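# Coordinate inspection notes
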Amino acid sequence: MMSTLIKCCRLTQLIIKAIIRLGIEAVQHIFILVYISYLILLFPLRWLSPRFYWSIEGILFRWLLGTVASWGWSAGYSVVESGEDVSKLQDDEAVVMANHQSTGDVLTLMMCLQNKGPVLKEVMWLMDKILILAPTFGPVSFVHGDFFIQQGKQYRESQIKSLREHLLTTYWQRFRKWVILFPEGGFLRKRRAASQRFAKKHDLPVLEHVTLPRSGAMTTILQTLRSSKPMQNGPKSAFVSRKGLKWVIDVTIGYPGYPEVRPMNVQTWISGYRKPCCTAVHYRYFPITDVPEDPDELLQWMYQRFVEKEELLNQFYSTGEFPTPVANCKASIEPRKLELPAWWFLMINIAYFILMYLLILLYNTLSRLFLS
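So, here is what we can say about the structure in this document. From a predicted model like this one, the values you see are computed outputs, not experimental measurements.

## Side note on the packing of helix 9 (residues 216–225) against helix 11 (residues 295–319)
Look at helix 9 against helix 11: their axes get within 10 Å of each other, and the N-to-C directions meet at 120°. The angle between helix 9 and helix 11 places the two elements in the oblique class. In the packing of helix 9 onto helix 11, the handedness of the crossing is right-handed. In this structure, helix 9 contributes Met-218, Thr-219, Leu-222 and Gln-223 to the contact, and helix 11 contributes Pro-295, Leu-298 and Met-302. Partitioned by chemical class, the residues of the contact of helix 9 with helix 11 number 5 nonpolar, 2 polar and no charged.

Written as structure tokens, this is what we have:
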């Protein structure tokens, strides 16, 4: 009887907590309208001072992703980082490739990048086209200039061409620095069986915790962005200070309790129903000069990186942590819990409420002028 009562109390507490969280998060969705409204109001700056305009957009974008990161933070979900220190790369251009298990991977990276200087406001995401329909990420990512990939063999050639055009225009002209992609091309649970069949057929490593990556997007990114020379299309002023890609950052994400416990997802972050836990994130980085330019060699290089991810995840799921130090790592750091201060999330919400208040004042002023 007592145990049943305790369970009921816990369930009630969980429901109340979820309702409160959903209410706060619903209010925060208004920030999306504020973000878009200010970009419309400041649109003339896009032509008068493009760098200033996209800098403002980047700050607002970073704050929006900060509110999403706060959903996990407020539920007690944190990150333990290990491997190499990528924060010192924040001023350089880089490609980030990560393994992909669930929608929680994107949210985890949003949290990780909160303390990596200006990176989050200058990042470009590559994601599945279906996410453009997501009520939270879709409109914001579209306005920010992220690239949505249409899956399917019949679209690959056209998508590669579209990606190259997108990089030559949006990436360059909006002064982006980091490109984030998931080379596996889908969630682990959806691609593992097909990847293992492909591996057996072509005498490649059969992987369990990751799948063999696809190299089309990576090849296009490297071929397009390696150069530090000004590109011919687009306004020349947008390309003067570009130095070209300098690094490839390899990110491995591990979820505690897997495979018995499913990886974090968006629903978990929104509701906060799962007990507090720490997701593990391991970093390695490679100078762009060490990454092959030939597409076939690049594919083999990527295969090797994902074999290494498999080894890292084997140890993580056996011991609960990534190995330290890691073989071939230039300077491994001790595992450290990502600390994001409460004042940062509070400041983001206050800033957006102030911006919303100013919009309302502007609307009321204009209404009186034109309706009086």
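On we go from here.
## A look at the sheet that holds strand 8 (residues 332–337)
The 8 strands are arranged 4-3-5-2-6-7-1-8 in an open sheet whose pairing can be described as mixed. In the strand order of this sheet, the two ends are held by strand 4 (147–149) and strand 8, each with one partner. This sheet shows a mean twist of 20° between the axes of neighbouring strands, independent of strand direction. Bridge analysis of strand 2 (residues 93–98) against strand 6 (residues 245–254) gives 6 bridges, and the strand direction is parallel. In the strand pairing of strand 6, Glu-93 is matched with Leu-245. Contacts from helix 5 (residues 104–112) reach strand 1 (77–84), strand 2, strand 3 (123–128), strand 5 (178–181), strand 6 and strand 7 (277–287), with the element oriented near 75° to strand 1.

## Focus: the pattern of salt bridges
The full count for this structure, using the stated rule, is 7 salt bridges. With a closest N to O distance of 2.6 Å, Lys-309 and Asp-250 form a salt bridge. Pair noted here: Lys-309 is in helix 11 and Asp-250 is in strand 6, with a separation of 59 residues, a long-range link. The pair formed by Lys-309 and Asp-250 is uniform in burial state, with each residue classed as buried. We note a salt bridge from Arg-305 to Glu-308, for which the minimum N-O separation is 2.8 Å. One end of the pair, Arg-305, and the other, Glu-308, are both in helix 11, 3 residues apart, so they sit about a helical turn from each other. On the accessibility criterion, Arg-305 (8% relative accessible area) is buried. Relative accessible area serves as the criterion here: at 13%, Glu-308 is assigned to the buried category.

## Remarks on the packing of aromatic side chains
This model, assessed by the stated rule, comprises 14 aromatic pairs. Judged by centre distance (4.8 Å) and plane angle (10°), the rings of Phe-31 and Tyr-352 are stacked. In this pair, Phe-31 sits in helix 2 (residues 30–41) while Tyr-352 sits in helix 12 (residues 342–371), placing the two residues 321 residues apart along the sequence. Relative to Trp-47, the ring of Phe-43 has its centre 6.2 Å away and its plane inclined at 75°; by these criteria the two rings are edge-to-face. Positioned over the ring face of Trp-301 is Arg-305, at 4.8 Å from the centre of the ring. For Lys-309, the ring lying beneath its charged end belongs to Phe-306, and the centroid distance is 5.2 Å.

The rules behind each value
Residues numbered from 1 in each chain as written. Predicted model: local features only at pLDDT ≥ 70, side-chain atom pairs only at ≥ 80, totals over all residues. Heavy atoms only, no water. Axes fitted to C-alpha atoms, helices over the stretch in contact; angles between N-to-C directions. Helix = DSSP H or I, 4+ residues; strand = E, 2+ residues; numbered from the N terminus. Parallel < 35°, antiparallel > 145°, perpendicular 65-115°, else oblique. Left-handed = near helix turned anticlockwise from the far one by under 90°. Contact = heavy atoms within 4.5 Å. Nonpolar A, V, L, I, M, F, W, Y, C, P; charged D, E, K, R; others polar. Pairing = 2+ DSSP bridges. Salt bridge = Lys/Arg side-chain N within 4 Å of Asp/Glu carboxyl O. Buried < 20%, exposed > 50% of the residue type's maximum accessible area, 1.4 Å probe, protein only. Phe/Tyr/Trp six-rings, centres within 6.5 Å; stacked < 30°, edge-to-face > 60°. Lys NZ or Arg CZ within 6 Å of the ring centre and 35° of its normal.

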